[in-house]
Amino acid sequence: MSQPSLTLPTPGQKAGRNRRLLEILGAAAIAGTFIYLVLTQPADIAGGLGSVSALVALGGFLLGAVLLIVGVLPTLPTSTVVLIPVALVLNIVLGQLMGTSGLPFYLDSIGTVLIAVLAGPAAGAATGALSSIVWSFINPTVLPFAAGAALIGFLAGTAARYGLFRRFYLAPIAGFVTGIVAGVVSAPIAAFVFGGTSGAGTGAIVSAFRAMGDTLLAAITKQALISDPMDKAIVFTIAALLVYALPRRTTFQFPFVRRFNVLAGKEPAKRNA
Amino acid sequence: MAPRLNPLTTLTAAAAVLVITTAASSWAVSLTVAAGAVLLAGVTGTARRVLLAASVILAPFWLSLLMMHGLFFPEGRTVLASWGPARITAEGLGFAVDMGLRTSAFVLVLLLFSFCVRVPDLVAALAVLRLPPQFGYVLASTLMLAPVIAARLEKVRQAQESRGLVVGKGFGSRLGAVRLQMVPLVLGLVHDAGIRAQALDARGFRRAGTRTTYTQVRDSPAQRAFRILAVVLAAAAVAVRVAASLSGGGQA
């Protein structure tokens, strides 16, 4: 008579609170690591760039990224989770398409921003971090930048939440500001883990600042402040144009888009069942 | 040889080696690790792919490092040669070699891991770690979707070319070509994802709790012991380095 229920149990409130805790811990790990690196960097340069900074940068940023992923992923609706692999491949494929088109930009976060606009800051942060981890299977040097990528996704989602994607001219401004923050956070990784940046163009800019007597971290931060805001402004514009090109029937499937009216415009008329 | 090992064992080994290399931060250790990774790649038969992928990543990196620190290193004291603002210092070259070798070891070890591991095994092993199942899904799905999406982009390009897309020299023409390829690609992919989401939801994708898997991943007490040993060794290396920097920090 008392047959066990065949439907799946719904996750309780406690699980939700634990996940929220993981998210906060992840964000705290990233912020703490950054503050430690900035505060201790003068001593490190004098000591010939100790490896403690590299260990802290790698460990703290990666731990933060993994905590964010573990905390956020189970809370996302399936429609968002299945979109994440698509976004990750878009990051790579569209980056390559841009490369072959001969345009002088390095756009590797279009997919991340796209998810952030459609599904919100938490989904954007998880996608950014996952993007770095999965991409590191092909190119391991992107792995330490997971925290920076998560930050880009989070900021893009926040911009969408407050309506900056409703007008196409506001998106590049949001991208510019995101680029400033992301560049400043990623610079310590480039400085302490790799001792420089890859690529001749960025390397030349860093060299120029070094020639003026800047410390390595200062030189790389200034280089990031030159390249990143421009790059992110373009990425945000492309993501915005792609979202505008999607049919409303598709974009309004996402609760985040409906709830915060991310894209100006009315909900499409419901089809009669 | 490699497929017999549990993916967690190889992952732990790779991570421990990287932590120890970073903690040691000496060119000799980095060089040994890099050489060891190449040797292991030879044994597992992935040497060609690992070396090819690594050279694509490392060649521009080394070039950039040597240019950056070889020519401009304000902290350098021993000047070997100088032209105007650019001066080659022994310290700068040493720093570039240190960093280059450490990154080479980092890239080679991780590439060796990713080319040796079987993705289905890794996903099954991660499920044992109680990571959210969505993580395994995203990892496996991305690595398998990549060639599908690349093929789809190719199809979109062919379709647009048959409709008269000609990529001209100008900036506007190129931008237009990118738009004509990107929009259908992204539209189709988002649409497909929606269908996939419904199919997965119908099969209880979001349910909490443990999952069973069809893939049986081998594990043994010896491998478990090795993993614990690797973690302890890595932790010890970090502890030694931190202790050394705390005691030596006063002089620096």
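Note that this is a predicted model, so its numbers are computed, not measured.

> I tried to follow the overall build of chain B on my own but got confused; where do I start?
Of regular secondary structure, chain B possesses eight helices and two strands. Starting at the N terminus and ending at the C terminus, chain B contains elements arranged as α-α-α-β-β-α-α-α-α-α. Taking 252 residues into account, the globule formula puts the C-alpha radius of gyration at 18 Å, and chain B, at 24 Å, lies well above it. Each principal axis of the C-alpha distribution contributes one length, and for chain B these read about 65 × 60 × 35 Å. Counting the 252 residues in chain B, one finds 33% classified as buried. Residue pairs in contact within chain B that sit at least 24 positions apart in sequence constitute 70% of those at least 6 positions apart.

> I would appreciate a short explanation of the domain arrangement of chain B in the present structure.
Interface size is commonly expressed as the accessible surface area that is lost when the partners come together. Assigned domains within chain B: domain 1 (2-118 + 220-248) and domain 2 (131-202). Of note, the centres of domain 1 of chain B and domain 2 of chain B, computed from C-alpha atoms alone, are 35 Å apart.

> What am I meant to see in the confidence of the model for chain B here?
Low-pLDDT stretches of the model should not have their predicted coordinates read in fine detail. With 96% of its residues at a pLDDT of 70 or more, chain B has an overall mean of 84. Highest mean pLDDT in chain B belongs to helix 2 (residues 27-44) of chain B (91); lowest belongs to strand 1 (residues 79-83) of chain B (74).

> What am I meant to see in the nonpolar core here?
General note: in soluble globular proteins, nonpolar side chains tend to be found buried as a group. Of all hydrophobic cores here, the largest spans 149 residues; its most connected members are Leu114, Val117, Ala129, Ala146 and Ala239 of chain A together with Val109 of chain B. Excluding residues that lie within four positions of it along the chain, valine 109 of chain B makes contacts with Ala14, Val17, Leu18, Val33 and Ala37 of chain B.

> Is there a simple way to explain the interface of chain A and chain B in this structure?
Tallying the contact residues gives 60 residues for chain A and 67 residues for chain B. Of all the secondary-structure elements, those providing two or more residues to the side of chain A that touches chain B are helix 1 (13-46), helix 2 (51-72), helix 3 (78-81), helix 4 (83-100), helix 6 (121-135), helix 9 (200-211) and helix 10 (216-245) of chain A. A total of 11 residues in the side of chain A that touches chain B trace back to one element, the largest contributor, which is helix 4 of chain A. A breakdown of the residues in the side of chain A that touches chain B according to their chemical character gives 39 nonpolar, 20 polar and one charged.

> Just to check I follow, could you spell out helix 7 (residues 146-161) of chain A for this structure?
All names here are of chain A. Here helix 7 contains 16 residues, and its C-alpha end-to-end distance of 23 Å stays within 8% of the 22 Å for a straight helix at 1.5 Å per residue. Most of helix 7 is tucked away: 14 of the 16 residues are buried. A positive phi of about 85° marks glycine 163, the residue just after helix 7.

> Could you clarify how one ought to interpret the pairing of strand 1 of chain B in this entry?
All names here are of chain B. Among the five residues that make up strand 1, zero are buried, leaving the element largely open to the surroundings. In this sheet, strand 2 (residues 86-89) lies alongside strand 1 in antiparallel orientation, the contact comprising four bridges. When the sheet's bridge partners are listed, alanine 81 is paired in strand 2 with isoleucine 88.

> Can you help me understand unusual backbone geometry in this one?
Trans peptide bonds make up the majority, and among non-glycine residues the majority have a negative phi. All names here are of chain A. Phi at asparagine 261 takes a positive value of approximately 50°, unusual for a residue other than glycine. Within the secondary structure layout, asparagine 261 lies in the segment after helix 12 (255-260). Assessed through the 12 C-beta atoms surrounding it within 10 Å, asparagine 261 is described here as exposed.

> Whenever I open this one, the packing of helix 2 of chain B against helix 4 (residues 90-116) of chain B confuses me. Can you help?
In a packed pair of helices, the relevant descriptors are the angle between the two axes and the axis-to-axis distance. All names here are of chain B. Interhelical geometry of helix 2 versus helix 4 gives an angle of 25° and a closest axis separation of 8 Å. When the interaxial angle is binned, helix 2 and helix 4 end up roughly parallel. Between helix 2 and helix 4 the crossing geometry is left-handed. In contact with Trp27, Ser30, Leu31, Val33, Ala34, Ala37, Val38, Leu40, Ala41 and Thr44 of helix 2, helix 4 contributes Val97, Asp98, Leu101, Arg102, Ser104, Ala105, Leu108, Val109, Leu112 and Cys116.

> When you look at the packing of helix 5 (residues 110-119) of chain A against helix 10 of chain A in this model, what are you seeing that I'm missing?
Residues and elements named next belong to chain A. Following both chains from N to C, one finds helix 5 and helix 10 inclined at 55°, their axes separated by 9 Å at the closest point. As far as their axial angle goes, helix 10 and helix 5 are oblique. The two elements helix 5 and helix 10 meet at a crossing, and its hand is right-handed. For the pair formed by helix 5 and helix 10, the contact residues are Ile110, Val113, Leu114, Val117 and Leu118 on the first element and Val235, Phe236, Ile238, Ala239, Leu242 and Val243 on the second. Counted by class, the contact of helix 5 with helix 10 contains 11 nonpolar, no polar and no charged residues.

Parameters and conventions
- Residue positions are given per chain, counting from 1 as you read along its sequence in written order.
- Labels are handed out in written order, letters beginning with A for the chains and numbers beginning with 1 for the ligands.
- In keeping with the predicted nature of the model, local features appear solely for residues at pLDDT of at least 70, side-chain atom pairs appear and are counted solely at 80 or more, and the whole-chain, interface and lining totals rest on all residues.
- By definition, any uninterrupted DSSP run of H or I lasting at least four residues is a helix, any uninterrupted run of E lasting at least two residues is a strand, and each is numbered from the N terminus.
- Put simply, the radius of gyration uses C-alpha atoms, and a globule should come to 2.2 Å times the residue count raised to 0.38.
- Exposed residues have 12 or fewer other C-beta atoms within 10 Å of their own C-beta, buried residues have 20 or more, and partly exposed residues fall in between, where C-beta atoms are placed from the backbone.
- What counts as a contact here is a pair of residues whose C-beta atoms, placed from the backbone, lie within 7 Å.
- Segmentation into domains, and thus their bounds, comes from an automatic or database assignment.
- Confidence scores per residue from the predictor, reported as pLDDT, run from 0 to 100.
- Connectivity within a nonpolar core runs through C-beta atoms within 7 Å, and the core itself is a set of buried Ala, Val, Leu, Ile, Met, Phe, Trp, Tyr and Cys residues.
- Residues are sorted three ways: Asp, Glu, Lys and Arg are charged, Ala, Val, Leu, Ile, Met, Phe, Trp, Tyr, Cys and Pro are nonpolar, and all the rest, Gly among them, are polar.
- By this rule the span expected of a helix is its residue count minus one, scaled by 1.5 Å.
- If DSSP finds at least two bridges between two strands, the strands pair.
- All axes here are fitted lines through C-alpha atoms, helices being fitted over the stretch that makes contact, and every angle between N-to-C directions spans 0 to 180 degrees.
- Should an angle lie under 35 degrees it is considered roughly parallel, over 145 roughly antiparallel, and from 65 to 115 roughly perpendicular; all remaining angles are considered oblique.
- A clockwise turn of the near helix away from the far one marks a right-handed crossing, whereas an anticlockwise turn of less than a right angle marks a left-handed crossing.

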